[in-house]
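Listed here are the chains, written in short residue letters.
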Amino acid sequence: MSSSIDRFMAQQGFGDEEASRRRWHFLALQFQPAFLAFFVLLGIISQSQTLFFLLAAVLVWNVVLPQLNLFERVYDWAVAIPMSKPKLEPAPAPRLFAQGMAASFMALTGLSLAMGWIIAAWVFEAFLVVALVALIAGRFCMGSYIFHTLRGRRDFANATCPWSK
């Protein structure tokens, strides 16, 4: 794998694509984490259990009905169609697993806030921030990495890390 984008796309479960499509596809896939980062930051500032539960519900929807992923359909409508770019296809298993993990952390954050467990909420919020920064800035998806590792593909998972050669 030659670039961090190639490694990221492999980590997410997307196969070989031509270079021009891969670059566009990578940028399109960043729409969801960028959107989530904004709302996670808003949730952290407001300490809103409702917002974290809502984000968890949206992510669960995306995992259960990947062909109706709300972020991907909004991206298609707002960006892909007007710019004559290909629509996003449903997420493969590694990306779905990562979204499920994110949904779990969002729900645990909301639950912690609802129960008044502020320290626990801060810990879950910190995990979310670290995961989102790694995903957006570092081109590393912890959830996809864990997926491949749990599936017995540790060498492949390690090869998809941005710092791999």
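In what follows, the structure referred to is the one given above.
Residues numbered from 1 in each chain as written. Predicted model: local features only at pLDDT ≥ 70, side-chain atom pairs only at ≥ 80, totals over all residues. Heavy atoms only, no water.

1. Description of the layout of surface pockets
Argument step 1. In this structure, the largest pocket spans a volume of roughly 390 Å³.
Argument step 2. Forming the walls of the largest pocket are 22 residues, and the residues nearest its centre are A98, A102, A131, L135 and C141.
Argument step 3. Within the residue set of the lining of the largest pocket, elements represented by two or more residues are α3 (31–46), α6 (93–115), α7 (118–136) and α8 (142–150).
Argument step 4. No other element matches α6, which puts seven residues into the lining of the largest pocket.
Argument step 5. Within the lining of the largest pocket, the residues separate by chemical class into 17 nonpolar, four polar and one charged. (1 Å grid on protein atoms, 1.4 Å probe; cavity = no way out; pocket = protein on both sides within 12 Å on 5 of 7 lines; lining within 4 Å. Points joined across faces, edges and corners; volume = space filled by probe spheres on them. Helix = DSSP H or I, 4+ residues; strand = E, 2+ residues; numbered from the N terminus. Nonpolar A, V, L, I, M, F, W, Y, C, P; charged D, E, K, R; others polar.)

2. Here we look at the environment of D6
Argument step 1. Here D6 shows up in helix α1 (residues 4–12).
Argument step 2. Separated by 20 residues in sequence, D6 and F26 have C-alpha atoms that sit 8.8 Å apart.

3. A closer look at the packing of helix α2 (residues 19–29) against α3
Argument step 1. Two numbers describe how α2 lies on α3: the axes approach to 4 Å, and their chain directions differ by 20 degrees. The orientation of α2 relative to α3 falls into the category roughly parallel. Counting all contacts with α2, which are made through L27, A28 and L29, the residues of α3 involved are F31, Q32 and P33.
Argument step 2. When the residues that make up the contact of α2 with α3 are grouped by side-chain class, the tally is five nonpolar, one polar and no charged. (Axes fitted to C-alpha atoms, helices over the stretch in contact; angles between N-to-C directions. Parallel < 35°, antiparallel > 145°, perpendicular 65-115°, else oblique. Contact = heavy atoms within 4.5 Å.)

4. Digging into the pattern of salt bridges
Argument step 1. Taken as a whole, this structure holds three salt bridges when the rule is applied.
Argument step 2. Here D76 ties to R73 by a salt bridge, and the two come within 2.6 Å at their closest N and O atoms. Of the two residues, D76 and R73 are both situated in helix α5 (residues 70–80); the distance of three residues between them amounts to about one turn of the helix.
Argument step 3. Judged by its relative accessible area of 27%, R73 falls in the partly exposed class. (Salt bridge = Lys/Arg side-chain N within 4 Å of Asp/Glu carboxyl O. Buried < 20%, exposed > 50% of the residue type's maximum accessible area, 1.4 Å probe, protein only.)

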